[in-house]
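# Close look at the chain arrangement
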Amino acid sequence: MIIKGDVHMINETLKVIKDRRTTRKFKPEQIREEELEIILEAGIYAPSAHNDQPWNFTVIQNKELIEELNVESKEMCKDFPDELIRKMANNKRFNIFYKAPTIIVVSGRDDAIMPQVDCAAATQNMLLAAESIDIGACWNGFVSFLFRSEKGEEYKEKLNIPKGYTPYYGVALGYKKVRICNPPTRRENTIQYIR
Ligand SMILES: Cc1cc2nc3c(=O)[nH]c(=O)nc-3n(C[C@H](O)[C@H](O)[C@H](O)COP(=O)(O)O)c2cc1C
């Protein structure tokens, strides 16, 4: 859907940016290796402060480990101050990864100048790459509660996250079970021009 702008200037990139929606229903089958590589390559082509490229990607396709991360992340949020998070954490049926078959954990090197921002840029690149090849993706902040908890170090070790790196985000990937079209309405008055 074209919200604003000249219809003749809408190209494939702009279309992917506008069409991308968070997927929360995945098919169980695994994505193809070539698709995974395309998505990871998009991640490493993100911009980064000082060209640090301070990211590290941990690809998890082991069902048991994904389930363990789901359960443990929720466990850490059972008494979370935010009500919505607390409710999700206490809902047995809620799966923080929506049963996606692939999870990528994006970690940033602590001594980089802006590691979290760089990792966010890499994450968004991966979401857009996924959309461009019709793979469903969900940016996952929930799992970071586990890494920030008292069990954080244990899980950083278990996932082999390099020393000196902090895991910031997860990306859940898989084939879309449902296709979501309507983007949430955009907040108004978020742009000011000074000319
Ligand atoms: C930093 C960040 C963390 C997020 N964490 C989660 C999450 O843990 N679970 C989830 O379902 N969606 C998560 N999202 C996705 C947002 O909920 C989603 O992008 C937003 O509702 C807008 O919907 P859209 O992506 O379909 O446009 C996260 C997004 C961002 C940018």
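Use the structure listed above.
The present account deals with the structure reproduced in this document.

## A few points about the site of the ligand
Close to the ligand lie Arg20, Arg21, Thr22, Arg24, Tyr98, Cys138, Trp139, Asn140, Gly141, Phe142 and Pro184. Within the side chain of Thr22, a nitrogen or oxygen atom sits 2.5 Å from an oxygen atom of the ligand. Taking 630 Å² as the accessible area of the ligand by itself, protein coverage stands at 63%.

## So, the nonpolar core
The nonpolar side chains of a soluble globular protein tend to be buried, and buried together. Counting 26 residues, the largest nonpolar core has Ile60, Leu69, Ile103, Phe142 and Leu159 as its most contacted members. Secondary-structure elements contributing two or more residues to this core are helix 3 (63–76), helix 4 (83–90), strand 2 (102–109), helix 6 (143–147) and strand 4 (165–175). It is helix 6 that provides the largest number of residues to this core, a total of 4 residues. Those residues in contact with Ile60, other than ones at most four positions away along the chain, are Leu65, Ile66, Leu69, Pro101, Thr102, Ile103, Val105 and Leu159. With 24 residues, the next largest nonpolar core counts Ala46, Ala122, Ala137 and Leu173 among its residues.

## Topic: the side chain of Ser107
When you line up the elements, Ser107 lands in strand 2. Judged by relative accessible area, which is 0%, Ser107 ranks as buried. Once you skip the residues sitting within four places of it in the chain, Ser107 turns out to touch Pro54, Trp55, Asn56, Cys119, Ile161, Tyr165, Thr166, Pro167 and Tyr168.

## Concerning the sheet that holds strand 3 (residues 135–140)
Spatially, 1-2-4-3 is the arrangement adopted by the 4 strands of the open sheet, whose pairing is antiparallel. Two strands in the sheet have a free side with no partner beyond their single neighbour: strand 1 (55–60) and strand 3. Ignoring strand direction, the axes of neighbouring strands in this sheet form an average angle of 25°. As judged from the 8 bridges shared by strand 2 and strand 4, these two strands associate in the antiparallel manner. Its bridge partner lying in strand 4, Arg109 is registered against Tyr165. Together, strand 1, strand 2, strand 3 and strand 4 form the strand contacts of helix 2 (residues 33–44), whose direction differs from that of strand 1 by roughly 160°.

Conventions adopted
- Residues numbered from 1 in each chain as written.
- Predicted model: local features only at pLDDT ≥ 70, side-chain atom pairs only at ≥ 80, totals over all residues.
- Heavy atoms only, no water.
- Near = heavy atom within 4 Å.
- Polar contact = N/O pair within 3.5 Å; in protein donor to acceptor, adjacent residues only side chain to side chain.
- Areas by Shrake-Rupley, 256 points an atom, 1.4 Å probe, with all protein chains shown as cover.
- Core = buried A, V, L, I, M, F, W, Y, C linked by side-chain atoms within 4.5 Å.
- Buried < 20%, exposed > 50% of the residue type's maximum accessible area, 1.4 Å probe, protein only.
- Helix = DSSP H or I, 4+ residues; strand = E, 2+ residues; numbered from the N terminus.
- Contact = heavy atoms within 4.5 Å.
- Pairing = 2+ DSSP bridges.
- Axes fitted to C-alpha atoms, helices over the stretch in contact; angles between N-to-C directions.

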